[in-house]
Amino acid sequence: SGLERGRVGAASRGPGSSCPLPAGAEEPGMEAEAQELPLGCGGGGGSPAAEGSPEGEQRREPPQASVSNGGDAESGRELVELKVIWNKNKYDVKFCLDSTGAELKQKIHSLTGLPPAMQKVMFKGLLPEEKTLREIKVTNGAKIMVVGSTINDVLAVNTPKEAAQQEVKAEENKKEPLCRQKQHRKVLDKGKPDDVMPSVKGVQERLPTVPLSGMYNKSGGKVRLTFKLEQDQLWIGTKERTEKLPMGSIKNVVSEPIEGHEDYHMMAFQLGPTEASYYWVYWVPTQYVDAIKDTVLGKWQYF
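The following paragraphs examine the structure supplied in this document. Predicted model, so just to flag it, every value in this text is computed and none were measured.

## Examining the overall build of the protein
Part 1 of the reasoning: Across its full length, the protein carries eight helices and 11 strands.
Part 2 of the reasoning: In the protein, the proportion of contacts linking residues at least 24 apart, taken out of those at least 6 apart, comes to 47%.
Part 3 of the reasoning: Put simply, the protein shows about 20400 Å² of open surface, and 52% of that area lies on carbon and sulfur atoms.

## Considerations on the pairing of strand β7 (residues 233–237)
Part 1 of the reasoning: Within β7, five of the five residues are buried, which leaves it mostly tucked inside the rest of the structure.
Part 2 of the reasoning: Sheet topology note: the strand β6 (residues 222–228)/β7 ladder contains five bridges and is antiparallel. Across the sheet, K228 pairs through a bridge with Q233, a residue of β7.
Part 3 of the reasoning: Here β6 folds back onto β7 in antiparallel fashion, the turn holding four residues, of which D232 has a positive phi close to 55 degrees.
Part 4 of the reasoning: Relative to strand β8 (residues 242–246), β7 runs antiparallel, the two sharing five bridges. Within β8, the position partnered with I236 by the bridge is E243.
Part 5 of the reasoning: Connecting β7 to the antiparallel partner β8 that follows it, the hairpin turn spans four residues.

## Concerning unusual backbone geometry
Part 1 of the reasoning: Despite not being glycine, K88 shows a phi value in the positive range, around 70 degrees.
Part 2 of the reasoning: Within the element layout of this structure, K88 appears in the loop between β1 (79–86) and β2 (89–96).
Part 3 of the reasoning: Given the relative accessible area of 83%, K88 is considered exposed.
Part 4 of the reasoning: Positive phi outside glycine occurs at K137, with the angle close to 65 degrees.

## Overview of the pattern of salt bridges
Part 1 of the reasoning: The final tally for this structure, using the stated rule, is eight salt bridges.
Part 2 of the reasoning: One salt bridge in this structure joins E243 and R241, with 3.3 Å as the shortest N-O distance.
Part 3 of the reasoning: Judged by relative accessible area, which is 57%, R241 ranks as exposed.
Part 4 of the reasoning: Residues participating in the shared-partner salt-bridge network are E78, D98 and R134.

## Comments concerning the sheet that holds β1
Part 1 of the reasoning: What the four strands build is an open sheet, ordered β2-β1-β4-β3; its pairing is mixed. Edge strands, defined here as strands with exactly one partner in the open sheet, are β2 and β3 (120–122). The sheet shows a mean angle of 30 degrees between the axes of neighbouring strands, direction not considered.
Part 2 of the reasoning: The sheet strands contacting helix α5 (residues 101–112) are β1, β2, β3 and β4 (142–147), and the helix crosses β2 at an angle near 140 degrees.

## Focus on the sheet that holds β8
Adjacent strands of a sheet form backbone hydrogen bonds with each other and so pair up, either parallel or antiparallel.
Part 1 of the reasoning: The seven strands are arranged β8-β7-β6-β5-β11-β10-β9 in an open sheet whose pairing can be described as antiparallel. Each of the sheet's edge strands pairs with one partner strand only, and the pair in question is β8 and β9 (252–258). On average, adjacent strands in this sheet sit at an angle of 30 degrees to one another, irrespective of strand direction.
Part 2 of the reasoning: The sheet contact formed by β9 and strand β10 (residues 261–270) spans seven bridges and is antiparallel. By the bridge assignment for β10, V253 is matched with F269.
Part 3 of the reasoning: Against the sheet, helix α8 (residues 289–297) touches β5 (212–217), β6, β9, β10 and β11 (278–285), its axis set at about 170 degrees to β9.

Basis of the calculations
Residues numbered from 1 in each chain as written. Predicted model: local features only at pLDDT ≥ 70, side-chain atom pairs only at ≥ 80, totals over all residues. Heavy atoms only, no water. Helix = DSSP H or I, 4+ residues; strand = E, 2+ residues; numbered from the N terminus. Contact = heavy atoms within 4.5 Å. Areas by Shrake-Rupley, 256 points an atom, 1.4 Å probe, with all protein chains shown as cover. Buried < 20%, exposed > 50% of the residue type's maximum accessible area, 1.4 Å probe, protein only. Pairing = 2+ DSSP bridges. Salt bridge = Lys/Arg side-chain N within 4 Å of Asp/Glu carboxyl O. Axes fitted to C-alpha atoms, helices over the stretch in contact; angles between N-to-C directions.

Below, the structure written as structure tokens:
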């Protein structure tokens, strides 16, 4: 009959046939063929029944997770143990060998609150930001020294520092004038030299063409100043000898009016790095003070 021929045709169709089966025409043998189908398809689509089954998902999920997700990113990277030392604090850190110095600075920032821009990180010298820890041969147990201050630390330090500077200025203002100090008083008490050059108060003049003479030095001996402009030298002459000093070797020139004789100044030439190197000259006519400073130090320093 026709029904029997339909059943025979259905049984004769192989696994690769795409023809739909009549409803209710499946036989028990078809279920086994459907389960075996994915194994023979080579991944060409597979049976919907097999794809939808919980067992199929469990079989495929582990390889998918290992390929697409990669697991924990740090688990496959080589770590190194570091001792980060900052501001007398020590931090034990595990960090990836293939991370850069810049990335280590970010890690230090998270530990200490110290911004990367304010960090000076030391490992056998200054740590290069662009190189990895492996490239600079960081090993387990390495000590990483960090120097730097947080913004709050800087603000906390600056406030007392400014106050201290104000106190120093106040002390300087209270300090007695140079001409009253003992070391200068013993020279000034000798009085104004008889042969000192006359002074003109309230006037500024160019240096004279002749040496400035008739003044005292720190030991109370007579001294004269000769400005050799063509040689860029200052000659400091005494009875015993004459010192020929290059203008560029004189670090500074300071002066102060002599109390009670403001038309004359006491003046010092700084010949070395500290105040101990000052060469003092007393009774310099006031009209030449600015010209001496300009000549020795160079006018360009005032602009």
